Each structure stands twice: as structure tokens, then as C-alpha cells.
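# Reading the structure
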Amino acid sequence: ELQKQFQKLSKKDHKNDTTITRKQFHEALKLVKVEATDTEILDRLFTLFDNTGDGQINFKEFIVGVSCIVRGSLEEKLTFSFHLFDVDK
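Residues numbered from 1 in each chain as written. Predicted model: local features only at pLDDT ≥ 70, side-chain atom pairs only at ≥ 80, totals over all residues. Heavy atoms only, no water.

### Concerning the overall build of the chain
For the chain, the helix and strand inventory stands at five helices and two strands. Starting at the N terminus and walking to the C terminus, you meet the elements of the chain as α-β-α-α-β-α-α. Expected size for 89 residues packed as a compact globule is a radius of gyration near 12 Å; at 13 Å, the chain falls within 12% of this value. Of all 89 residues assigned to the chain, the portion counted as buried reaches 30%. (Helix = DSSP H or I, 4+ residues; strand = E, 2+ residues; numbered from the N terminus. Rg over C-alpha atoms; globule rule 2.2 N^0.38 Å. Buried < 20%, exposed > 50% of the residue type's maximum accessible area, 1.4 Å probe, protein only.)

### What to know about the nonpolar core
With 19 residues, the main nonpolar core has Ile-20, Phe-25, Leu-29, Leu-45, Phe-49, Ile-57 and Phe-62 as its most contacted residues. Going through the elements one at a time, α1 (2–10), α2 (22–31), α3 (39–49), α4 (59–71) and α5 (74–85) are the ones with two or more residues in this core. Residue contributions to this core peak at four residues, all from α3. Once you skip the residues sitting within four places of it in the chain, Leu-45 turns out to touch Phe-25, Leu-29, Ile-69, Phe-80 and Leu-84. (Core = buried A, V, L, I, M, F, W, Y, C linked by side-chain atoms within 4.5 Å. Contact = heavy atoms within 4.5 Å.)

### Observations regarding the layout of surface pockets
The computed volume of the largest pocket comes to approximately 180 Å³. Taken together, 12 residues line the largest pocket, and the ones lying closest to its centre are Leu-48, Asn-51, Gly-65, Phe-80 and His-83. Of all elements in the fold, only α3, α4 and α5 reach the threshold of two or more residues within the lining of the largest pocket. Here the lining of the largest pocket is composed, by residue class, of five nonpolar, four polar and three charged. (1 Å grid on protein atoms, 1.4 Å probe; cavity = no way out; pocket = protein on both sides within 12 Å on 5 of 7 lines; lining within 4 Å. Points joined across faces, edges and corners; volume = space filled by probe spheres on them. Nonpolar A, V, L, I, M, F, W, Y, C, P; charged D, E, K, R; others polar.)

Right, here's the structure in full:
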């Protein structure tokens, strides 16, 4: 179900149904109940999730990134938070 919603969202702004853009990212986070309003944090999250560095996030990148936020252990969440705010990287 989540993958279908992701594909539907990805089709909105471009003909590709396998990736989302930075612009669509905030809406995708809402699908998994992650609310963020700070654009700097959203941009940093997008960058962390975009493992290939192509300016798009595929479903696998999205799920791997979100899983730590939603279901990660305390240690995983702390490590993720460190990477989120480590702007030198």
C-alpha cells in the first residue's frame, strides 16, 4: 500500500513513477506520519536519504531512511540525528 502511494505521489510532477523529487519529499514523509516544517531539516533529510546523489529518492532509499526515524532503536536514532546535523559532511 505504501509503495502504491509513493508511486502515485511520484507521478504528480514528472512521468517517472519510481522516484520522488525534493519538492515531493515533504508530502512523502506525511505518508508515514513524519511531520516536519523546517525547510533546512527537510533539505538535510532529503540529502541523507538520497544515497545515489541524483536529486531523487527511490522507494528503497525512502523506506531505509524512514525506518530509522519511525522504528529505529534509540542508538540508531541518535546516530541518525548526528548525521542529520553534521553539516560538514
